[in-house]
Amino acid sequence: MSESLEKLQTRILSDAKHKAEETIKDAQAKSQQILEDAKQRAQRESEEIIAKANVEAESIRRSILSSKVRVNRLRILDEKNRIVQDIIHGVEDRLSSISKSEQFEETAQRFVTEAVKAVDSDHPVVRIGFRDVSKRNLDGISRVFPKGGKLVIDEKPIDDLGGVVATDPEGRVVFNNTFKSRLERLDNQLLTLISSTVFGG
Amino acid sequence: MSGIDAVKKIVETEAQARRIVDEASAKAQQIISESREQAERIRQEAIARAQQQREEILREAKSKAEAEALQSDKETEQVLNSYRKLSEERKSAAVSKAVELILNA
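Residues numbered from 1 in each chain as written. Chains lettered and ligands numbered in written order. Predicted model: local features only at pLDDT ≥ 70, side-chain atom pairs only at ≥ 80, totals over all residues.

A closer look at the domain arrangement of chain A
Residue and element names in this part refer to chain A.
Item 1. Splitting chain A by domain gives domain 1 (1–96) and domain 2 (101–199).
Item 2. Its C-alpha centre places domain 1 at a distance of 74 Å from the equivalent point of domain 2.
Item 3. The interface is formed by 7 residues belonging to domain 1 together with 10 residues belonging to domain 2.
Item 4. Classifying every residue of the side of domain 1 that touches domain 2 by side-chain character gives 4 nonpolar, 1 polar and 2 charged. (Domains from an automatic or database assignment. Contact = placed C-beta atoms within 7 Å. Nonpolar A, V, L, I, M, F, W, Y, C, P; charged D, E, K, R; others polar.)

Spelled out as structure tokens, the structure:
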């Protein structure tokens, strides 16, 4: 009886120890799996962070460069514009002082002829005004001026730079042939000409 | 040994066995709990390292882009200087051609 009881006790304890060992073994295996999963997850998350950082870095790089390129393009455009405007001022200066040049009489006659033709009236009224020009300088105009027309000579240059304005007697048809309006009419050609002369292409 | 004593012995042994199993179970819980904590530490450390790398990547990208931007500034300055030089050389010709256009167009 005593011997079989001892065996039973030993067996109970042996089963318990076996079960305990199995429990610990399972826990260790699970622990190993948890750590392995954690390492893989950490690796995956790290790779995602780095991949996103690379995309973000490229975006930052592009943003900095495109912003700089934009600013520099504007600087170049501003400089070109400044140069063109400087030349246009030179052109205006030259035009406003045309009365001192040999071209003046021929130019004034041509401007009057163009304006009279544009108004297409038997009795055109023509105003003419250039800087530093008096009646004496405009004798040649009478040769191209129609007999029924009226010539008004302004002492001051018309539209600041000078030129000719023709109307019909009622003032319904007006043709502005001043330097300023010619500059405006020829704006595109003028800019192209200046640009190609200075910058080429 | 009487029957009662035998039963007592068995009961004690079973209690001892239960303790062994319970202790193992508690230890197993502790092992898993510790490994979960260690797993979280591993994750946090890896993320922290990745974040540092991220900061470094961004810093390098910014610094590299700023260097490239400086190069763009230099190139722009060269273009501006060449325009200014061209303007000085060709301004007179451009004015003459423009005046001719306005007078004769």
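There's plenty left to go through after this.
Quick word on the nonpolar core
Item 1. The biggest cluster of nonpolar side chains holds 32 residues, and the ones touching the most others in it are Val 112, Ala 115 and Val 164 of chain A together with Ala 98 of chain B.
Item 2. Contributions of two or more residues to this core are made by helix H1 (2–96), helix H2 (104–119), strand E1 (125–129), strand E3 (163–167), helix H4 (179–185) and helix H5 (187–199) of chain A together with helix H1 (3–104) of chain B.
Item 3. Among the elements that take part in this core, H2 of chain A stands out by supplying 6 residues, more than any other.
Item 4. Apart from residues lying up to four places away in sequence, Ala 98 of chain B is in contact with Ile 87, Val 91, Leu 190, Leu 193 and Ile 194 of chain A. (Core = buried A, V, L, I, M, F, W, Y, C linked by C-beta atoms within 7 Å. Buried ≥ 20, exposed ≤ 12 C-beta atoms within 10 Å, placed from the backbone. Helix = DSSP H or I, 4+ residues; strand = E, 2+ residues; numbered from the N terminus.)

Here we look at the sheet that holds E1 of chain A
Strands belonging to one sheet form pairs held by backbone hydrogen bonds; the direction of such a pair is parallel or antiparallel.
Residues and elements named next belong to chain A.
Item 1. Here we have 4 strands laid out as an open sheet, ordered E2-E1-E3-E4, and mixed in their pairing. What marks the edges here is a single partner per strand, and that holds for strand E2 (150–153) and strand E4 (174–178). On average, each strand axis in the sheet is tilted by 15° relative to the strand beside it, whichever way the strands run.
Item 2. Strand direction decides the pairing type here: E3 and E4, joined by 5 bridges, are antiparallel. Bridging from a neighbouring strand, Val 165 pairs with Asn 176 of E4.
Item 3. Sitting on the sheet, H2 touches E1, E3 and E4, and the angle it makes with E3 is about 20°. (Pairing = 2+ DSSP bridges. Axes fitted to C-alpha atoms, helices over the stretch in contact; angles between N-to-C directions.)

Observations regarding the pairing of E1 of chain A
All names here are of chain A.
Item 1. Of the two faces of E1, the one lined by Val 126 and Ile 128 is fully buried and the one lined by Val 125, Arg 127 and Gly 129 carries no buried residue.
Item 2. In this sheet, E2 lies alongside E1 in parallel orientation, the contact comprising 4 bridges. The residue of E2 that forms the bridge with Ile 128 is Ile 153.
Item 3. Bridge count between E1 and E3: 5 bridges; the pairing is antiparallel. Bridged to Arg 127 within E3 is Val 165.

Concerning the interface of chain B and chain A
Item 1. Contact with chain B, which involves 58 residues of that partner, is made by 64 residues of chain A.
Item 2. When its residues are assigned to classes, the side of chain B that touches chain A shows 33 nonpolar, 10 polar and 15 charged.

Structural notes on the confidence of the model for chain B
Item 1. On average, residues of chain B score 96 in pLDDT, and 100% of them are at 70 or above.
Item 2. Overall fold confidence (pTM) sits at 0.78, and the ipTM for the predicted complex is 0.81. (pLDDT = per-residue confidence, 0-100.)

Considerations on the packing of H1 of chain A against H5 of chain A
The relative placement of two packed helices comes down to the angle between their axes together with the axis-to-axis distance.
Residue and element names in this part refer to chain A.
Item 1. For the pair H1 and H5, the least separation of the axes is 10 Å and the interaxial angle reads 110°. Here H1 lies roughly perpendicular to H5, going by the angle between them. Our pair here, H1 against H5, has a crossing hand that is right-handed. Residues Lys 80, Ile 83, Val 84 and Ile 87 of H1 pack against Leu 191, Ile 194, Ser 195, Val 198 and Phe 199 of H5.
Item 2. The residue makeup of the contact of H1 with H5, split by class, is 7 nonpolar, 1 polar and 1 charged. (Parallel < 35°, antiparallel > 145°, perpendicular 65-115°, else oblique. Left-handed = near helix turned anticlockwise from the far one by under 90°.)

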